[in-house]
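Structural overview
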Amino acid sequence: MRTSTSIPLSWEHYMQCDGSPDPAVPQEINTFMSLWQENKNEDIEFVIEKGNQVLNLIEKLCFLLLDTPPNELMEKVIIQYQESILELQSLLHQKYNEATENLLKKASTYADSDSGNMEVVIKDKNITFCIWGNLKKNPRFKNHMFCDAESGFDLPKTVATSDVAVRILHTHYDHISPLQHIPKLHLKVQAPESKPELTVLYDMKEEKEGEQKGGEDSNFVIEKESDGRKNYQMIYKVFSSLDCILVNSTEDQSGLQNLVVLLLFLMTFSLFFTSPSKLLDAGLETYPYPPESEETEDATYPCIGVTLRLLDSVIFFEEPVVARWDSADKQWRTDCISDIKYKMKEKQISFDMNAFYTITLIQDAHLNMPYQSWELRPNGTDELLFTVVTAFAEVQMQIKGNQCMLSSIIVDGSEQLSHLTGKWTSPIDLTVALKKAGVNIFPSDYSYKYVCVNTKTPLAEVTTYQQMALVASAFAFSWSKWNLASGQDQVVFKVSEYLKTDAVKDEDWSLYMFNGQRAQRLKISETSEAFSEELAENTEFHSTLYHLIKDFASEEAIEKVKKTSCLFIDATYQLLMATRVLTYS
């Protein structure tokens, strides 16, 4: 059913006729980068505008990596796409530095009438660019707040009297974390005579490399203390551009806890020389703070204070963790950040850091798992409403044809993320958008390690999603408490024919059990006192869920199922597989 997305994307690109390169064609993307590399002396407004085009190209490449079926994604193509992404990211931030240098060369033209210092703030959909130049070098200067960006900083006195500039680059995308590893993975469900299981085929070279590492977990960074104890620092190892793993700081190994988190905010603080002679001779150059010399190695220097406002486009269900990027070890860390103060009602955070870093705000990726309940309900021809209720939010997603959208997300009785609701997109784009907004109801391969999971065999779970998607245009499905009692080999859920628009009544639901090879209707109801596999009266076993439901369905419902679009079935199946409601509820 699933086919490559490269052909429709290429056709869409051809029809746009806007002169932009096809990111999947190496010659076109290389020519695009070379031509822009040659252009110099571009102002910051042009760079930001051109940057939006670059980010669009990166987004298309990421979509190709995520959406192309694994059997069609060759290893050399993965390498080509990822190299293009890295080169585009590098070029874009090189252009930001060149534009910053051009701004600083004419800093006096941007002097603020009140303070006399340089101040520039440019806000765009993908970036907020702030720069402050120390033209007056006032020894009494303490802090500065970019009012338009609602972000600010405190400067140590030694820096406040120097020829320096502070740049804050708040990107609404992650250009720091390593790219997600795309394994050569093929999944298929098999039903051997002995026991249903999932067969996984993967690159054996990667397994051997992993074995040669001696079994040590690469997510841990361990340092020996003077007394011989091992100190587990708090470190974030990145799984993808959205997910990373947290290792909590403890003194003994038994207290070690892992936590997978989401990166929900990215802001880079930079300190540059502004001396005209340095800008002319060496170009843009970073001002080292604290100073790097043998005499000052053990000296203590004042911290840099930071104040920032949380984004309205992101939901923080709890106080986020502040982390900094360690460029040497390619990981997020929480050391060197202190005195964190939260004002969650005002959506404001302040903290101190001992140097100028790229910082992020991080939230537990599994806060909304396991789910409390879920429901899949038809809402018209090739259309349905998918509701997932968690401990913090109620998420409603609508599917129509091969597209889906966020209908609503309710947190504490109020709707959130209005910028995402009502926009039709692909299932993959919707999952990425919700995770970026802090709403993660999409388990990853490693999520079972961090969430209490109702484990089911892949044969039962995956086949059920396929069968549910097949009849979802005329039948409603919902969570059942008996799914917890049915064992690993079988799933239990509620089913009701649904050809109307009002809510399903409790008495209209029936309980069905399926193991991937045998489907049956149960005699018990949701309110029964104990679980039983006894068949409902006047019913029999069937090899598929479709044929079992057909025994009790009206002609109108069966006719509606027969006319269902295969694109709608595929979109429904994708969202069911993305949320995995049968095991994470």
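Please refer to the structure placed before this passage.
Read on for a plain summary of the structure. (Residues numbered from 1 in each chain as written. Predicted model: local features only at pLDDT ≥ 70, side-chain atom pairs only at ≥ 80, totals over all residues. Heavy atoms only, no water.)

1. Examining the state of the cysteines
- Taken as a whole and assessed by the stated rule, the structure comprises zero disulfides.
- Among the cysteines around Cys 336, which has no disulfide bond, Cys 303 carries the closest sulfur, lying 8.9 Å off.
- Assessed through its relative accessible area of 30%, Cys 336 is described here as partly exposed. (Disulfide = S-S within 2.5 Å. Buried < 20%, exposed > 50% of the residue type's maximum accessible area, 1.4 Å probe, protein only.)

2. Quick word on the pairing of strand E14 (residues 321-326)
- With respect to burial, E14 is a largely interior element, five of its six residues being buried.
- Across four bridges, E14 lies against strand E18 (residues 358-364) in antiparallel orientation. When the sheet's bridge partners are listed, Arg 324 is paired in E18 with Ile 359.
- Note that E14 and strand E15 (residues 331-333) share three bridges and pair antiparallel. Residue pairing in the sheet places Arg 324 in a bridge with Arg 333 of E15.
- Between E14 and E15, which pair antiparallel one after the other, the connecting turn spans four residues, and Lys 330 there sits at a positive phi close to 55 degrees. (Helix = DSSP H or I, 4+ residues; strand = E, 2+ residues; numbered from the N terminus. Pairing = 2+ DSSP bridges.)

3. Side note on the pattern of salt bridges
- Evaluation of the coordinates by the stated rule reveals 15 salt bridges.
- Between Glu 375 and Arg 377 there is a salt bridge, with its nearest N and O atoms 3.2 Å apart.
- Lys 523 is paired through a salt bridge with Glu 534; the nearest N and O atoms lie 3.5 Å apart. Of this pair, Lys 523 sits in the loop between strand E27 (519-521) and helix H10 (545-550) while Glu 534 sits in the loop between E27 and H10, and the two are eleven residues apart along the sequence.
- What makes Lys 523 partly exposed here is its relative accessible area of 47%.
- The class of Glu 534 is partly exposed, set by a relative accessible area of 44%.
- Several salt bridges converge on common partners, so that one network encompasses Arg 324, Asp 326, Asp 329, Arg 333 and Asp 335. (Salt bridge = Lys/Arg side-chain N within 4 Å of Asp/Glu carboxyl O.)

4. Observations concerning the layout of surface pockets
- Of the voids in this model, the second largest pocket is the one considered here, and its volume is about 850 Å³.
- Lining the second largest pocket we find 30 residues, and of these Ile 176, Thr 268, Ser 270, Ser 327 and Thr 358 sit closest to its centre.
- Residue assignment for the lining of the second largest pocket shows that the elements contributing at least two residues are helix H4 (75-105), strand E5 (164-171) and strand E12 (258-273).
- Looking at the lining of the second largest pocket residue by residue, the classes come out as 16 nonpolar, eleven polar and three charged. (1 Å grid on protein atoms, 1.4 Å probe; cavity = no way out; pocket = protein on both sides within 12 Å on 5 of 7 lines; lining within 4 Å. Points joined across faces, edges and corners; volume = space filled by probe spheres on them. Nonpolar A, V, L, I, M, F, W, Y, C, P; charged D, E, K, R; others polar.)

5. Observations regarding the side chain of Asn 126
- With respect to the helices, strands and loops of the structure, Asn 126 is situated in the loop between strand E1 (118-123) and strand E2 (127-133).
- Residue Asn 126 is classed as buried on the basis of its relative accessible area of 19%.
- In contact with Asn 126, not counting residues within four places along its chain, are Asn 52, Leu 55, His 170, Thr 171, His 172 and Tyr 173. (Contact = heavy atoms within 4.5 Å.)

6. Some points on the nonpolar core
- Counting residues in each nonpolar core, the largest one holds 57 residues, and the members touching the most others are Phe 386, Met 397, Phe 475, Phe 477 and Phe 493.
- The element best represented in this core is helix H12 (residues 566-579), accounting for five residues.
- Setting aside anything within four residues of it in sequence, one finds Phe 386 in contact with Trp 374, Glu 375, Leu 376, Val 395, Gln 396, Met 397, Leu 575, Leu 576, Thr 579 and Val 581. (Core = buried A, V, L, I, M, F, W, Y, C linked by side-chain atoms within 4.5 Å.)

7. What to know about the pairing of E18
- Within E18, seven of the seven residues are buried, leaving the element largely enclosed by the surrounding structure.
- Residue alternation in E18 divides its side chains into two sets, Thr 358, Thr 360, Ile 362 and Asp 364 and Ile 359, Leu 361 and Gln 363, and both sets are buried.

8. Focus on the sheet that holds strand E13 (residues 304-309)
- Reading across from one edge, E3-E4-E13-E17-E16 is the order of the five strands in this open sheet, with antiparallel pairing throughout. With one partner strand each, in any of the chains shown, strand E3 (143-146) and strand E16 (337-343) form the two edges of the open sheet. Each strand of the sheet is rotated relative to its neighbour by a mean of 10 degrees, with strand direction disregarded.
- The pairing of E13 with strand E17 (residues 348-353) spans six bridges and is classified as antiparallel. For Gly 305, the partnering residue across the bridge sits in E17 and is Asp 352. (Axes fitted to C-alpha atoms, helices over the stretch in contact; angles between N-to-C directions.)

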